[in-house]
Amino acid sequence: MNNLILALLLFANVCHGQTLTYDQTQDINVASNYSNGDTLSIYTLKDGSEIKLGSELKFGTPLNTNRLFSRLWWGEYSISKAILLGPPLQLEDVYTGEKVIVTAIKVYHTKLTKKSPLQIYLFVQNPTAPALARNRTIGDLEMAIETKEVINPNAAMTREQAIIKLKEAKDLVDLGMMSQVEFDELKSKLTPIIIKKE
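Keep in mind that this is a model prediction, so the values were computed, not measured. Per chain, the residues get numbers from 1 upward, laid out in the order the sequence is written. At least 70 in pLDDT is required for a residue's local features to be given in this predicted model, at least 80 for side-chain atom pairs to be given and counted, and no such filter applies to totals for whole chains, interfaces and linings, which use all residues. Hydrogens and waters are ignored; side-chain quantities use all the structure's heavy atoms.

Caption draft 1: Spotlight on the pairing of strand β4 (residues 56–59). Only protein chains enter the area calculation, which uses a 1.4 Å probe; residues under 20% of their type maximum are buried, those over 50% are exposed, and those in between are partly exposed. Numbering of helices and strands runs from the N terminus, with a helix taken as a DSSP run of H or I at least four residues long and a strand as a DSSP run of E at least two residues long. Only one face of β4 is buried: it carries L57 and F59, and the other face, with E56 and K58, is open. At least two DSSP bridges between two strands are needed for those strands to be called paired. Where β4 meets strand β7 (residues 99–109), 3 bridges bridge the pair, whose relative direction is antiparallel. Residue pairing in the sheet places E56 in a bridge with I101 of β7. Bridge count between β4 and strand β10 (residues 150–151): 2 bridges; the pairing is antiparallel. Each bridged residue has a counterpart across the sheet, and for F59 the counterpart in β10 is V150.

Encoded structure:
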């Protein structure tokens, strides 16, 4: 009976995927337990926000001046396909602003060894696109967000954003458009973000 329960728990973990944080992807001891293409159900970004199956993301603007996205590709692309088929087909800047839904979260090692950090690849779909043109791949999610090729609408507020919001609120208090009580409530919410040590 115990073996049956253990088998069911293992099966559930495989079927529902796993969770991983950015810090864990950079820890070789953790990363070495993963193979290229392993699937996750939840990934926690460097900023603390989560990406889950079904999360919505938005394409930003290409990093390159040639109007091609560096980390956004047509279809469901992977390292193994790169070896067989060559480099991925990059999306053009006409896809700036496109909203997509996460359909799979995969891990890939940064080098051809398990003793290297992991990168997160997302398979996403544009549900409004024609069926044969819905699939896209986001390679190296953290870098895609950092370079603003991908925008996470659920991203955690940065220290700079919190300071700007608090200053704007102070101006509203001075103009009589916000009460001191409302300002104090906002200040108590934003203070941990502003004084957070990085």
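Past the structure itself, the notes keep going.
Caption draft 2: Here's a closer look at the packing of helix α6 (residues 159–174) against helix α7 (residues 180–194). For helices, the fitted line uses only the C-alpha atoms of the stretch in contact; every axis is such a line through C-alpha atoms, and the angle between N-to-C directions lies from 0 to 180 degrees. At a closest axis distance of 9 Å, the pairing of α6 and α7 adopts a crossing angle of 165°. In terms of their interaxial angle, α6 and α7 are classed as roughly antiparallel. Judged by the sense of rotation from one axis to the other, the crossing of α6 with α7 is left-handed. Mapping the contact onto sequence places R159, A162, I163, K165, L166, A169, K170 and V173 in α6 and Q180, F183, L186, K187, L190, I193 and I194 in α7. In the scheme used here, Gly and all other residues not listed as nonpolar or charged are polar, with Ala, Val, Leu, Ile, Met, Phe, Trp, Tyr, Cys and Pro taken as nonpolar and Asp, Glu, Lys and Arg as charged. Of the residues in the contact of α6 with α7, the class split is 10 nonpolar, 1 polar and 4 charged. For classification purposes, angles smaller than 35 degrees are called roughly parallel, those larger than 145 roughly antiparallel, those between 65 and 115 roughly perpendicular, and all remaining angles oblique. Each helix crossing is assigned a hand: it is left-handed if the near helix lies turned anticlockwise from the far helix by less than a right angle, otherwise right-handed if that turn is clockwise. Here, two residues are considered to be in contact whenever any of their heavy atoms come within 4.5 Å of each other.

Caption draft 3: Representation of the packing of aromatic side chains within the structure. Between rings of Phe, Tyr and Trp, where Trp is taken as its six-membered ring, a pair exists when centres lie within 6.5 Å; planes separated by under 30 degrees are stacked, by over 60 edge-to-face, and by other angles tilted. Inspection of the entire model under this criterion finds 5 aromatic pairs. Aromatic side chains F59 and F69 sit 6.2 Å apart centroid to centroid with 50° between the ring planes, which places their arrangement in the tilted category. A residue pair is termed long-range when its members are at least 10 positions apart, and F59 in strand β4 and F69 in strand β5 (residues 68–74) qualify at 10 residues. Comparing F59 with F69 shows no difference in burial state: the two are buried. Ring centres of W74 and Y95 lie 5.4 Å apart, and the angle between their planes is 90°; this geometry places the pair in the edge-to-face category. Taken together, the residues W74 in strand β5 and Y95 in the loop between β6 (90–92) and β7 connect sequence positions 21 residues apart. Judged by its relative accessible area of 27%, W74 is partly exposed. Linked through ring pairs, W73, Y77, Y108 and Y121 together constitute an aromatic cluster. One Lys or Arg, K170, reaches over the ring of F183 and ends 5.8 Å from the middle of that ring. Think of it as a cone above the ring: NZ of Lys or CZ of Arg counts as a charge over the ring if it is within 6 Å of the ring centre and within 35 degrees of the ring normal.

Caption draft 4: Broad picture of the environment of I42. Relative to the assigned elements, I42 resides in strand β2 (residues 39–44). The spacing of I42 and L132 is 90 residues in sequence and 27 Å in space, taken between C-alpha atoms. When neighbours within four sequence positions are excluded, I42 is seen to be in contact with Q18, T19, L20, E50, I51, K52 and I105.

Caption draft 5: Here's a closer look at α6. The span you would expect from a helix comes to 1.5 Å times its residue count less one. Over its 16 residues, α6 runs 23 Å from end to end, which matches the ideal 22 Å to within 8%, given 1.5 Å per residue. Of the positions making up α6, those classed as buried are A162, L166, A169 and V173. The buried residues of α6 occupy one face: seen down the axis, they fall within an arc of 60°. Away from its buried face by more than 90 degrees, α6 exposes E160, K167 and D174. Considering only its buried residues, α6 is in contact with α7. Arc definition: it is the arc formed by the directions from the helix axis to the C-beta atoms.

Caption draft 6: Broad picture of the environment of A133. Mapped onto the secondary structure, A133 falls in the loop between β8 (118–125) and β9 (135–138). Residue class for A133 comes out partly exposed when judged on its relative accessible area of 25%. Put simply, A133 and G75 are 58 residues apart on the chain and 7.7 Å apart in space, counted from C-alpha to C-alpha.

Caption draft 7: Quick peek at the pairing of β7. A large share of β7 lies buried, amounting to 8 of its 11 residues. Where β2 lies against β7, 2 bridges are found, and the strand directions are antiparallel. Bridge pairing links L40 to I105 in β7. Sheet analysis places β7 next to β8, joined by 8 bridges and oriented antiparallel. What sits directly across from A104, in β8, is F123.

Honestly, that's just the spatial picture; any functional story needs more than this.
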